[in-house]
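The chain contents come next:
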Amino acid sequence: MEAVIDIQHISKSFGQHEVLKDIDFTVHKGEVVSIIGSSGSGKSTLLRCINLLEKPSGGMIIYKGENILDGKHNVNSYRTKLGMVFQQFNLFNNHNVLENCTVGQMKVLKRSREEAEKVSMRYLKVVGMDQYVNAKPKQLSGGQKQRVAIARALSMEPDVMLFDEPTSALDPEMVGEVLKVMKELAESGLTMLIVTHEMEFAREVSDRVVFMDKGVIAEEGKPEQLFNHPNQERTREFLKRTL
Ligand code: ADP
Ligand code: MG
């Protein structure tokens, strides 16, 4: 299997606090990987180090065979290859739905407005939000906002999509519509790395589940193995508390 991103020996400290400890981790093309673990275990920091919203304290990120942390690489062009979806949507509130999807394409990818709108419409259809192109974020429900945020990220046509608890800020009745879209994306062959507390969803869509505990990958495996036959005591304890 071809690696899209290969993380080697990544560490991250905030002051004296070592939040990530020597993490090795690979995402393969077409793979759907879920990251689970207690609050504070380092899940968000790992995603933020992968897309360089945080600078890792040490280690390598191998992308297309090269260590993009070696100081010789254009980190911005790497970052455009990663789509990110946040818990809090992070939409541009002064722009409508279509503009939210076109801005990055025009600015970063230098696409014409016409091309950017065409691409945006394609992905707004995928998430079922193509009827809302003129709406402003404040007119949308949380679930609709998150679907727009997903379409915006997809419009950049990234190699991998990173999701950080995309349903945690939603009212319960809106969680399902977002998970449904994500499930369809997973089935379409998109490469996805998902931090989630939705255990049933993780079990259903993931090729692999990673359990993080106190800054390390404590255990990883296929969903059936990790959820039904965990090897580690701390995985068992986490699952007992969560399921
Ligand atoms: P998770 O997403 O698993 O809940 P995080 O990656 O957000 O965990 O946080 C892991 C640890 O790192 C926590 O103890 C948190 O307080 C700390 N941390 C995260 N971001 C920062 C930061 N910018 N400055 C200082 N400490 C941070
Ligand atoms: Mg987090």
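Okay, so let's go over this structure.

About the thresholds
- Each chain has its residues counted from 1, following the order in which its sequence is written.
- Lettering of chains starts at A and numbering of ligands starts at 1, both following the order in which they are written.
- pLDDT decides what is reported in this predicted model: residues at 70 or higher carry local features, side-chain atom pairs at 80 or more are listed and counted, and totals for whole chains, interfaces and linings draw on all residues regardless.
- Heavy atoms from the whole structure form the basis of all side-chain values; hydrogens and water molecules are not counted.
- DSSP bridges decide pairing: two strands pair if at least two such bridges lie between them.
- Secondary structure elements are taken from DSSP: a helix is a run of H or I of four residues or more, a strand is a run of E of two residues or more, and numbering for both begins at the N terminus.
- Here a residue-residue contact requires only that any non-hydrogen atoms of the pair lie within 4.5 Å.
- The angle between two axes is taken between their N-to-C directions and runs from 0 to 180 degrees, where each axis is a line fitted to C-alpha atoms and a helix contributes only its stretch in contact.
- For our purposes a nonpolar core is just a set of buried Ala, Val, Leu, Ile, Met, Phe, Trp, Tyr and Cys residues, chained together by side-chain atoms within 4.5 Å.
- Here the term buried applies to any residue with accessible area under 20% of the maximum for its type, exposed to any over 50%, and partly exposed to those in between, with areas from a 1.4 Å probe on protein chains only.
- When at least one non-hydrogen atom of a residue lies within 4 Å of a molecule or strand, that residue is treated as near it.
- A 3.5 Å cut-off defines polar contacts: any pair of N or O atoms within that distance qualifies, except that in protein one atom must be a possible hydrogen donor and the other a possible acceptor, and neighbouring residues in sequence count only when both atoms are side-chain atoms.
- With residues, only the protein chains shown are counted as cover, and all accessible areas are computed by Shrake-Rupley using a 1.4 Å probe.
- For this scheme, ten residues count as nonpolar: Ala, Val, Leu, Ile, Met, Phe, Trp, Tyr, Cys and Pro. Four count as charged, namely Asp, Glu, Lys and Arg, and the remainder, Gly too, count as polar.
- An angle counts as roughly parallel when it lies under 35 degrees, as roughly antiparallel when it exceeds 145, as roughly perpendicular when it falls between 65 and 115, and as oblique in every other case.
- Crossing handedness is defined as follows: a turn of the near helix away from the far one that is anticlockwise and smaller than a right angle gives a left-handed crossing, while the clockwise case is right-handed.

This brings us to the sheet that holds strand 4 (residues 58-63). By definition, the strands of a sheet pair up through backbone hydrogen bonds, in either a parallel or an antiparallel sense. Spatial ordering of the open sheet is given by 2-1-4-5, a layout of 4 strands whose pairing is antiparallel. Of all the strands in the sheet, the pair left with one neighbour each is strand 2 (17-28) and strand 5 (66-67). With 5 bridges connecting them, strand 1 (residues 3-14) and strand 4 associate as antiparallel partners. From the neighbouring strand, Gln8 faces strand 4, where its bridge partner is Met60. Running at roughly 60° to strand 2, helix 1 (residues 43-50) makes contact with strand 1, strand 2 and strand 4 of the sheet.

Attention now moves to the nonpolar core. Membership of the largest hydrophobic core comes to 37 residues, with the highest contact counts inside it found for Leu124, Ile150, Met161, Phe163, Met182 and Met192. Counting residues per element, the ones that place at least two in this core are helix 3 (97-107), helix 4 (113-126), helix 5 (142-155), strand 7 (160-164), helix 6 (172-187), strand 8 (192-195) and helix 7 (199-205). With 8 residues, helix 6 is the single largest residue contributor to this core. Contact partners of Leu124, with chain neighbours within four places excluded, come to Val97, Leu98, Cys101, Met129, Asp130, Val133 and Ala151. One finds Val19, Ile61, Ile68 and Met84 within the second-largest nonpolar core, a separate group that totals 28 residues.

What follows covers the site of ligand 1. Every residue near ligand 1 is listed here: Phe14, His17, Val19, Ser38, Ser39, Gly40, Ser41, Gly42, Lys43, Ser44 and Thr45. In this structure, Thr45 approaches ligand 1 through a side-chain N or O atom, which is 2.5 Å from an oxygen atom. Computed on the free molecule, ligand 1 has an accessible area of 560 Å², of which 61% lies beneath the protein chains in the complex. At the level of elements, strand 2 and helix 1 are the ones that each hand at least two residues to the shell around ligand 1. In terms of residues, the shell around ligand 1 owes the most to one element, helix 1, which gives 3 residues. Taken together, the residues of the shell around ligand 1 break down into 2 nonpolar, 8 polar and 1 charged.

Bringing the packing of helix 4 against helix 5 into the picture now. Two numbers describe how helix 4 lies on helix 5: the axes approach to 9 Å, and their chain directions differ by 135°. With respect to helix 5, the axis of helix 4 lies oblique. For the crossing formed where helix 4 meets helix 5, the hand is right-handed. Contacts between helix 4 and helix 5 involve Val119, Ser120, Tyr123 and Leu124 from the former and Ala151, Leu154 and Ser155 from the latter. In terms of residue class, the contact of helix 4 with helix 5 is built from 5 nonpolar, 2 polar and no charged.

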